[in-house]
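For reference, the chains in residue letters:
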Amino acid sequence: MYLQVKQLNKSYGSRRVVSNVDFLMEEGEILSLLGPSGCGKTTILRSIAGLVTPESGLIKIGGRVLFDGKRGVPVEERQLGMVFQDYALWPHMTVARNIAFGMRLRCSPSRVIEARIQELLELVNLPGMADRYPYQLSGGQQQRVALARALATEPRVLLLDEPLSSLDTALRETMRTELVQIFKRLKITTINVTHDQDEAMSMSDRIMVLREGQVQQVGSPTELYLNPTSVFVASFMGAANLLSGEIVQKDTQSGAVTLRLDGDPSEDHVLTGLVGDEMRDQLNRRVRDSKRITYPVKLEERKKYPQTSAQDRSSVERAFPLRPWPSCLSERRCDRWW
């Protein structure tokens, strides 16, 4: 594994913001840290960068230990690039000088710096803008300059802290595609922090969902969308109708299941399955009275149901999301509701 984070912990006062976080990354992989505000995404990113000192854990990149639980490598020696949420461009410097900032600190030769600036301007599609100042650029152009500056020193890992959050919707969608193309062309290992589910699913090889500083699930966008391991992951990965109930009848040959609707969905288990077109309206309609109603639903079983009685009744504590296939997962097309 190229990047390893193990048992990472960080607290601010009495509040634990990162709790026993573990994950691995292959070289060239794009990983998104996804979760609501305050779940510890940026703290993990800054811990890897060396801007925050964890209380314990291990951070290792390319065989080199950056933090061992006691001591850490200084920020400037970690060979990492970072794009901040507000871009943090120097307002008194031109585009060229912003891009060259890190290389000048490393005392790179002038010829190398000039060649690298032109190379990066071409890469981020900003040719001829070397002499402009940040205030003369649009939001998308400023984002490209911040990316070029982060790439200028040829980092081993690129860290992105919600770089698209300040862009409008149309530009955000365009920049997602451009960023992924650049990352794949350079084969650079990238960690992207976001709370936007569409951004995470369209940009990432894998997604790590976080909640209150703890990892909830790690997997590919398709895996998390189709096989969430909890109600939280199912609901956070996109719009979903979560129904709870009791399996009262099963046909093992056809796969038909009768579900009796019940109270709130369980937080511990979730079942994802196909729902036939004829049942869509009924399942999406709210129950208008207190009667227990039975719906026949065709499901794809992901787990075995625990038996609760001799009458072969299955557990009530399950829910399944019903939702359309998201357009951001363009590698597959689905005309059914999930």
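Residues numbered from 1 in each chain as written. Predicted model: local features only at pLDDT ≥ 70, side-chain atom pairs only at ≥ 80, totals over all residues. Heavy atoms only, no water.

### Some details on the nonpolar core
Within the largest apolar cluster, 37 residues are counted, with the highest numbers of intra-cluster contacts made by Ile99, Ile117, Leu147, Leu151, Leu158 and Phe183. Within the residue set of this core, elements represented by two or more residues are helix 2 (95-105), helix 3 (110-123), helix 4 (139-152), strand 7 (157-161) and helix 5 (169-186). If one sorts the elements of this core by residue count, helix 4 sits on top with seven residues. When near neighbours in sequence (up to four residues on either side) are disregarded, Ile117 contacts Ala96, Ile99, Ala100 and Met103. (Core = buried A, V, L, I, M, F, W, Y, C linked by side-chain atoms within 4.5 Å. Buried < 20%, exposed > 50% of the residue type's maximum accessible area, 1.4 Å probe, protein only. Helix = DSSP H or I, 4+ residues; strand = E, 2+ residues; numbered from the N terminus. Contact = heavy atoms within 4.5 Å.)

### Regarding the confidence of the model for the protein chain
Atomic detail in the predicted coordinates should be set aside for any region of low pLDDT. For the protein chain, per-residue confidence averages 77 on the pLDDT scale, and residues scoring 70 or more make up 70% of the total. Residue range residues 264-280 is modelled with pLDDT below 50. Its contacts to residues more than four positions away, or to other chains, number 66 contacts. This model gives residues 283-322 a pLDDT under 50, and the stretch forms 123 contacts once residues within four places in sequence are excluded. (pLDDT = per-residue confidence, 0-100.)

### Considerations on the packing of aromatic side chains
Using the criterion set out here, one finds three aromatic pairs in the structure. Between Trp90 and Phe101 the ring centres are 5.4 Å apart and the planes differ by 45°, which places this aromatic pair in the tilted class. On the criterion of sequence distance, the pair formed by Trp90 in the loop between strand 6 (80-83) and helix 2 and Phe101 in helix 2 is long-range, its members being 11 residues apart. Of the residues examined, Trp90 reaches a relative accessible area of 36% and is grouped as partly exposed. By relative accessible area, Phe101 is classed as partly exposed at 27%. With 6.2 Å between their ring centres and 20° between their planes, Tyr133 and Tyr135 make a pair best called stacked. Assessed through its relative accessible area of 30%, Tyr133 is described here as partly exposed. (Phe/Tyr/Trp six-rings, centres within 6.5 Å; stacked < 30°, edge-to-face > 60°.)

### Re the sheet that holds strand 4 (residues 56-61)
Across the sheet, four strands lie side by side as 2-1-4-5; this open sheet has antiparallel pairing. Strand pairing shows two members of the sheet lacking a second neighbour, strand 2 (15-25) and strand 5 (64-67), which therefore form its edges. Taking each pair of neighbouring strands and ignoring which way they run, the sheet shows an average axis angle of 25°. When strand 4 meets strand 5, the two strands line up antiparallel, connected through three bridges. Bridging across to strand 5, Ile61 finds its partner in Arg64. (Pairing = 2+ DSSP bridges. Axes fitted to C-alpha atoms, helices over the stretch in contact; angles between N-to-C directions.)

### A word on the sheet that holds strand 8 (residues 189-194)
Strand order across the open sheet formed by six strands is 6-7-8-3-9-10, with mixed pairing between neighbours. Because the sheet does not close on itself, it has two edges, and the strands there are strand 6 and strand 10 (214-219). Put simply, the sheet's adjacent strands are angled 20° from each other on average, direction ignored.

### Quick word on the environment of Thr53
Within the secondary structure, Thr53 sits in the loop between helix 1 (41-49) and strand 4. Put simply, Thr53 and Phe67 are 14 residues apart on the chain and 8.7 Å apart in space, counted from C-alpha to C-alpha. If near-sequence neighbours (up to four positions away) are discounted, Thr53 is found in contact with Lys10 and Phe67.

### With respect to helix 5
Taking 1.5 Å as the rise per residue, helix 5 with 18 residues should run 26 Å; its terminal C-alpha atoms sit 26 Å apart, in good agreement. Along helix 5, the positions that sit buried rather than exposed are Arg172, Met175, Arg176, Leu179, Val180, Ile182 and Phe183. The buried residues of helix 5 occupy one face: seen down the axis, they fall within an arc of 165°. Residues of helix 5 that are exposed and angled more than 90 degrees away from the buried face: Ala170 and Arg185. Looking at the buried residues of helix 5, the elements they touch are strand 3 (30-34), helix 3, helix 4, strand 7, strand 8 and helix 6 (197-203). (Expected span 1.5 Å × (residues − 1). Arc of directions from axis to C-beta.)

### Let's talk about the environment of Met129
The residue Met129 is located in the loop between helix 3 and helix 4 in this model. Residues Met129 and Ala96, 33 residues apart in the sequence, show an inter-C-alpha distance of 8.1 Å. If we ignore the near neighbours within four places in the chain, the residues touching Met129 are Val95, Leu137 and Gln141.

### Structural notes on the pairing of strand 10
As judged from the five bridges shared by strand 9 (residues 206-211) and strand 10, these two strands associate in the antiparallel manner. Bridge assignment links Arg211 to a residue of strand 10, and that residue is Gln214. What sits between the antiparallel neighbours strand 9 and strand 10 is a turn of two residues, in which Glu212 has the positive phi angle 55°.

### Observations concerning helix 3
Think of an α-helix as 3.6 residues a turn; residues three or four steps apart then line up on the same face. The end-to-end C-alpha distance of helix 3, which contains 14 residues, comes to 20 Å, matching closely the 20 Å that a straight helix rising 1.5 Å per residue would cover. Residues of helix 3 that are buried make contact with helix 2, helix 4 and helix 5. The positive-phi residue at the C-terminal boundary of helix 3 is Asn125, with phi of around 65°.

### Topic: the pattern of salt bridges
According to the stated counting rule, one finds five salt bridges in the structure shown. Close ionic contact of Glu119 with Arg116 constitutes a salt bridge, the shortest N to O distance being 3.2 Å. Note that Glu119 and Arg116 are positioned in helix 3 at a spacing of three residues, about one turn of the helix. Between Asp205 and Lys184 there is a salt bridge whose closest N-O contact spans 2.8 Å. Taken as a pair, Asp205 in the loop between helix 6 and strand 9 and Lys184 in helix 5 lie far apart in primary sequence, 21 residues in all. (Salt bridge = Lys/Arg side-chain N within 4 Å of Asp/Glu carboxyl O.)

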